[in-house]
Amino acid sequence: MKRVAITGAGTINALGHNVSQTLEAMREGHCGIGPLEMRDVDRLAVQIGAQVSDFSPDTIFNRQQLALYDRFTQFALISAREALAYSGLEFSGALSAKSGVVLGNSGGGMQTLDENYRTVYEDGKNRVHPFVVPKLMNNAAASHISMEFNLKGPSFTVASACASSNHAMAQAFQMVRSGMAPVMITGGAESMLCFGGVKAWEGLRVMSKDACRPFSATRNGMVQGEGAGVFVFEEMDHAEARGADILAEVVGFAMTSDAADIVMPSRQGASRAISGALEDAGLNREEVGYINAHGTGTAANDKTECSAVADVFGPHADRLMMSSTKSMHGHLIGGTGAVELLACIMALRDGVIAPTIGYEEADPECALDVVPNEAREASIDVALSNAFAFGGLNAVLALRRV
Amino acid sequence: MSVKDRVIEIVAEQAVLEPSDVTMESTLEDLGIDSLGLVESIFAIEEEFDISIPFNANEPESSEFDISSVTTIIAGIEKLIENTPAA
């Protein structure tokens, strides 16, 4: 089996338009959540979100590109450009033929759907732009990355709601580890912050109207975000041979399904995913120093996640740190695991643990070190990233410091 | 602006050319407009003239709407406008 290095990272999200801005914001405990800016916001019961601000796609993409790129595709391409530039890789010949893109995404081109539903239902028009389908299909972002960077190997999109990115990155990891592909571009993108997207989430009654406070006794729900995170997963020998800067090593993963409920999380399903990732990576539980939690800020997720971690780690659960960066960048749904992987990389590489901000009051059902409100310096060797999706689909990744 | 000038403007924009570079004899292929560009042009023309163009990308030859050159496209549009009842 091959070892897998991360040799590039890129992002755009509510905390920043690139990796350094995002990590800086995480270190400072900045909150990217604010009043939503969109048409008909006054008709929404939930009026906050973590939107990407100061964003002018027309300065980044030309008219023909914009006609084909939904906002989630724009986010994915911006992130991929940063990640590929960092890695220094260019794809031609055999490398191009075998390398591909696996991205996570849940909703597809929601902005495109929303706008065009308005056109036909609200405005009563009988004609929509011919690119609606290629713009909204949820593989559009993966396809445009493959085209821009000449990636001709396996490319597809994984949809498992809030675990999409982790499932995608696990898949990419497996492809590189097995020797199937020398390099895989992976991560996820989402842009669900449009009227219809927020309205749909409102219906479930799990959204907070004021803030995302994971693990705090005062938490009252999740807050949606948007953006993307994209990484370069590269076979370790290939990366070392060309002298690449290695951000971290991916050492294992596990996926489980609760097979129980379409929305309620399961302690067992989550703990099987966490222990499965440790087993796959050949790690002792004592080696884990940090977990980037799924930590949505809902009553159900946070207590279930904490009990799952307690089950897996036993006494070590009280020594490790676990934070939810969703308190800062919101819940990016199908893109969330990708942006959260950046917090794991920062913990391993820079020795800075991103905080859980908005933390107000201890909850006995979440009695772990959740790194409340302020980032912390700590030297750790292994980090996990949890994702537990609606539908009971769980995916956990394990990373090691290089 | 005449139908001709408006069509040339739409086609030129799609081809990323100046309107003066588009001649009546130009074919879409000459102008570098591919199949996606063609359906986008048809959409833009429908929007501009509030007409519905009978065109199926699977069988462009058998469509009633002749897209073989700028001349035939303009003639087709003029016919459609003529046959569209005034609102």
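For clarity, every value in this text was computed on a predicted model and none was experimentally measured.

Rules behind the numbers
Residues numbered from 1 in each chain as written. Chains lettered and ligands numbered in written order. Predicted model: local features only at pLDDT ≥ 70, side-chain atom pairs only at ≥ 80, totals over all residues. Domains from an automatic or database assignment. Contact = placed C-beta atoms within 7 Å. Helix = DSSP H or I, 4+ residues; strand = E, 2+ residues; numbered from the N terminus. Nonpolar A, V, L, I, M, F, W, Y, C, P; charged D, E, K, R; others polar. Core = buried A, V, L, I, M, F, W, Y, C linked by C-beta atoms within 7 Å. Buried ≥ 20, exposed ≤ 12 C-beta atoms within 10 Å, placed from the backbone. Expected span 1.5 Å × (residues − 1). pLDDT = per-residue confidence, 0-100. Pairing = 2+ DSSP bridges. Axes fitted to C-alpha atoms, helices over the stretch in contact; angles between N-to-C directions. Parallel < 35°, antiparallel > 145°, perpendicular 65-115°, else oblique. Left-handed = near helix turned anticlockwise from the far one by under 90°.

Colleague: Could you clarify how one ought to interpret the domain arrangement of chain A in this entry?
Modeller: Interface size is commonly expressed as the accessible area that is lost once the parts come together. Residues and elements named next belong to chain A. Domain parsing of chain A yields domain 1 (4-241) and domain 2 (251-400). Computed over C-alpha atoms only, the centres of domain 1 and domain 2 are separated by 21 Å. Between domain 1 and domain 2, the contact holds 62 residues from the first and 56 residues from the second. Mapped by element, the contributors of at least two residues to the side of domain 1 that touches domain 2 are strand S1 (4-13), helix H1 (19-28), helix H8 (164-177), strand S6 (183-190) and strand S7 (227-235). Per-element accounting of the side of domain 1 that touches domain 2 gives the leading share, 7 residues, to H8. Of the residues belonging to the side of domain 1 that touches domain 2, the class tally is 31 nonpolar, 26 polar and 5 charged.

Colleague: Explain the nonpolar core to me, please; I cannot follow it from the model alone.
Modeller: Most often, soluble globular proteins have nonpolar side chains that are buried together. Residue and element names in this part refer to chain A. Formed by 131 residues in total, the largest nonpolar core has its most connected members in Ala76, Phe233 and Ala277. Sort the elements by how many residues they give to this core and helix H14 (residues 336-350) lands first, with 10 residues. For this core, the domains that each give at least three residues are domain 1 (4-241) and domain 2 (251-400). Apart from residues lying up to four places away in sequence, Ala76 is in contact with Leu103, Ala141, Ile145, Ala189, Ala228 and Val230.

Colleague: What exactly am I supposed to notice about helix H3 (residues 71-87) of chain A here?
Modeller: Each α-helix turn comprises 3.6 residues. Residues three or four places apart therefore point the same way. All names here are of chain A. Spanning 17 residues, H3 covers 24 Å between terminal C-alpha atoms, matching the ideal 24 Å at 1.5 Å per step. In terms of residue burial, H3 counts as a mostly covered element, since 14 of its 17 residues are buried. One or two steps after H3, the chain reaches Gly88, where phi turns positive at roughly 75°.

Colleague: Quick question: what am I supposed to make of the environment of A:Ala395 here?
Modeller: One can find A:Ala395 in strand S14 (residues 393-400). Contact partners of A:Ala395, with chain neighbours within four places excluded, come to A:Ala163, A:Asn166, A:His167, A:Ala170, A:Phe253, A:Met255, A:Ala273 and A:Ala387.

Colleague: When you look at the confidence of the model for chain A in this model, what are you seeing that I'm missing?
Modeller: Low pLDDT means the predicted atomic positions in that stretch should not be read closely. When pLDDT is averaged across chain A, the result is 98; 100% of the residues are at 70 or more. When the elements of chain A are averaged for pLDDT, helix H2 (residues 63-68) of chain A gives the smallest value, 94, and S7(A) the largest, 99.

Colleague: Looking at this structure, how should I read the pairing of S7(A)?
Modeller: As a general feature of sheets, a regular strand has side chains that alternate between the two faces. All names here are of chain A. Along S7, 9 of the 9 residues are buried, which leaves the element largely enclosed by surrounding structure. Neither face of S7 is left uncovered, since the one carrying Gly227, Gly229, Phe231, Phe233 and Glu235 and the one carrying Ala228, Val230, Val232 and Glu234 both have all their residues buried. By the bridge criterion, 8 bridges tie S6 to S7 in an arrangement that is antiparallel. From the neighbouring strand, Gly188 faces S7, where its bridge partner is Gly229.

Colleague: Quick question: what am I supposed to make of the environment of A:Ala228 here?
Modeller: Residues and elements named next belong to chain A. Take Ala228: it is sitting in strand S7. In sequence terms Ala228 and Gly337 are 109 residues apart; their C-alpha atoms lie 9.5 Å from each other. Leaving out residues up to four positions away in the same chain, Ala228 has contacts with Thr11, Ile12, Phe75, Ala76, Ser79, Gly187, Gly188, Ala189, Gly335 and Ala338.

Colleague: What exactly am I supposed to notice about the sheet that holds strand S8 (residues 248-257) of chain A here?
Modeller: Backbone hydrogen bonds are what pair the strands of a sheet, in a parallel or an antiparallel way. Residues and elements named next belong to chain A. Strands sit in the order S5-S4-S6-S7-S1-S8-S14-S13-S9-S10 across an open sheet of 10 strands; the sheet is mixed. On the outer flanks of this sheet lie strand S5 (156-158) and strand S10 (321-323), each paired with one strand and no other. Looking at each pair of strands side by side, their axes are set apart by 25° on average, direction ignored. Sitting on the sheet, helix H7 (residues 140-149) is in contact with strand S4 (100-104), S5 and S6, with an inclination near 155° to S4. Each of S1, S4, S6, S7, S8, strand S9 (288-292), strand S13 (382-389) and S14 touches H14; the most contacted strand, S13, lies at about 165° to it.

Colleague: Looking at this structure, how should I read the pairing of S1(A)?
Modeller: Residues and elements named next belong to chain A. Counting buried positions along S1 yields 10 of 10 residues, so the element is predominantly enclosed. Both S1 and S8 contribute to a ladder of 3 bridges, which runs antiparallel. By the bridge assignment, Ala5 is partnered in S8 with Glu249. Bridge count for S1 against S7 is 9 bridges, and the pairing is antiparallel. Across the sheet, Ile12 pairs through a bridge with Ala228, a residue of S7.

Colleague: Would you mind going over the packing of helix H1 (residues 3-15) of chain B against helix H3 (residues 70-83) of chain B with me for this structure?
Modeller: In helix packing, the relevant descriptors are the interaxial angle and the interaxial distance, both defined with respect to the helix axes. Residue and element names in this part refer to chain B. Packing of H1 against H3 leaves a shortest axis separation of 10 Å and a crossing angle of 125°. By the angle between their directions, the pair H1 and H3 is classed as oblique. Helix-helix and strand crossings are classified by hand; for H1 and H3 the assignment is right-handed. Only Val70, Ile73, Ile74, Ile77, Glu78 and Ile81 of H3 make contact with H1, whose side of the interface consists of Val3, Lys4, Val7, Ile8 and Val11.

Colleague: Mind showing me how you'd approach the environment of A:Val371 here?
Modeller: Residues and elements named next belong to chain A. Relative to the elements of secondary structure, Val371 occurs in the loop between strand S11 (352-353) and strand S12 (376-377). For the pair formed by Val371 and Leu320, sequence separation is 51 residues and the distance between their alpha carbons is 10.0 Å. Other than its neighbours up to four places away in sequence, Val371 contacts Met321, Ser323, Ile353, Pro355, Thr356 and Arg376.

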